[in-house]
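# Residue-level structure breakdown
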Amino acid sequence: MERSLYERLGGNAAITAVVENFRDRVAGDDRINGKFAKSDLARLTQMLIDQVSEATGGPNRYTGRSMKDAHAGMAVTSGEFNALVEDLVATLNHFKVGSKEKDELLGALGPMKGDIVEVDSNDVGTALPDTYRPAPALRT
């Protein structure tokens, strides 16, 4: 019996390292970092860890808003989504994730595009609309 994608990726510690590197890579990417200007980074990081864990067969459960609700009003373009995927692939390459695991992970996350992209445009670096309201910060 084949191990779960979560196990093949290295479990929670490895997923956490990938998510943190990805978050930092996105923060430095002017093509998309403006879309995260109002985000609570601690919340975003934990939500991504939980989401990747759940999507790969791990024990964490994503308890955040739906992708459609979380991104409603952000005016994310197709170009910005593609830039985000490029950053994720660069992060996976940095950690030398195997092509099979990389394809499986991207396949699990790719269908979210329709719930995230609101503007069919190749533009990147577009401003976050003033009316966008992010989720509240995590309570610790």
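Reference entry: report on the structure contained in this document. Within each chain, residue numbers correspond to sequence positions counted from 1 in written order. Confidence filtering applies because this is a predicted model: local features only for residues at pLDDT of at least 70, side-chain atom pairs given and counted only at 80 or more, and all residues used for totals across whole chains, interfaces and linings. Processing note: side-chain calculations cover all non-hydrogen atoms of the structure and skip hydrogens and water entirely.

Its 17 residues place the ends of helix H2 (residues 11–27) 24 Å apart at the C-alpha level, agreeing with the 24 Å of an ideal helix rising 1.5 Å per residue. For every residue, the accessible area obtained with a 1.4 Å probe (protein chains only) is divided by the maximum for its type, and the residue is called buried under 20%, exposed over 50%, and partly exposed between those limits. For the purposes of this entry, the term helix denotes a DSSP run of H or I that reaches at least four residues, the term strand denotes a run of E that reaches at least two, and both are numbered from the N terminus. All buried positions along H2 are accounted for by Gly-11, Ile-15, Thr-16, Val-18, Val-19, Phe-22 and Val-26. Take H2 and look down its axis: the buried residues cluster within an arc of 165°, on one side only. The contact definition used throughout considers only heavy atoms, calling two residues in contact when any of these lie within 4.5 Å. The inward-facing, buried residues of H2 abut helix H1 (5–9), helix H3 (41–55) and helix H5 (78–94). By this rule, a helix spans an expected 1.5 Å times one less than how many residues it contains. Regarding the arc, it is the one traced by the directions from the helix axis to the C-beta atoms.

The next thing to look at is the environment of Arg-25. Tracing the backbone through its elements, the reader meets Arg-25 in helix H2. Here Arg-25 falls in the partly exposed class, since its relative accessible area comes to 28%. Not counting residues up to four positions away in its chain, the partners in contact with Arg-25 are Asp-87, Ala-90, Thr-91 and His-94.

Looking at where Asp-29 falls in the secondary structure, it is placed in the loop between H2 and H3. Look at Asp-29 and you get buried, because its relative accessible area is 10%. Those residues within four positions of Asp-29 in sequence are excluded, and the remaining contacts are Ala-83 and Asp-87.

Next up on the list: the pattern of salt bridges. Salt bridge criterion: a side-chain nitrogen from Lys or Arg within 4 Å of a carboxyl oxygen from Asp or Glu. All told, the structure shown has 8 salt bridges when counted by the stated rule. The salt bridge partner of Glu-104 is Arg-8, with a shortest N-O separation of 2.8 Å. Here Arg-8 lies in helix H1 and Glu-104 lies in helix H6 (residues 99–109), a separation of 96 residues in the sequence. For Glu-104, a relative accessible area of 30% puts it in the partly exposed group. Between Arg-31 and Asp-87 there is a salt bridge whose closest N-O contact spans 3.5 Å. With Arg-31 in the loop between H2 and H3 and Asp-87 in helix H5, this residue pair connects regions lying 56 residues apart in the sequence. Arg-31 sits in the partly exposed class, given a relative accessible area of 28%. Using a relative accessible area of 7% as the deciding quantity, one classes Asp-87 as buried.

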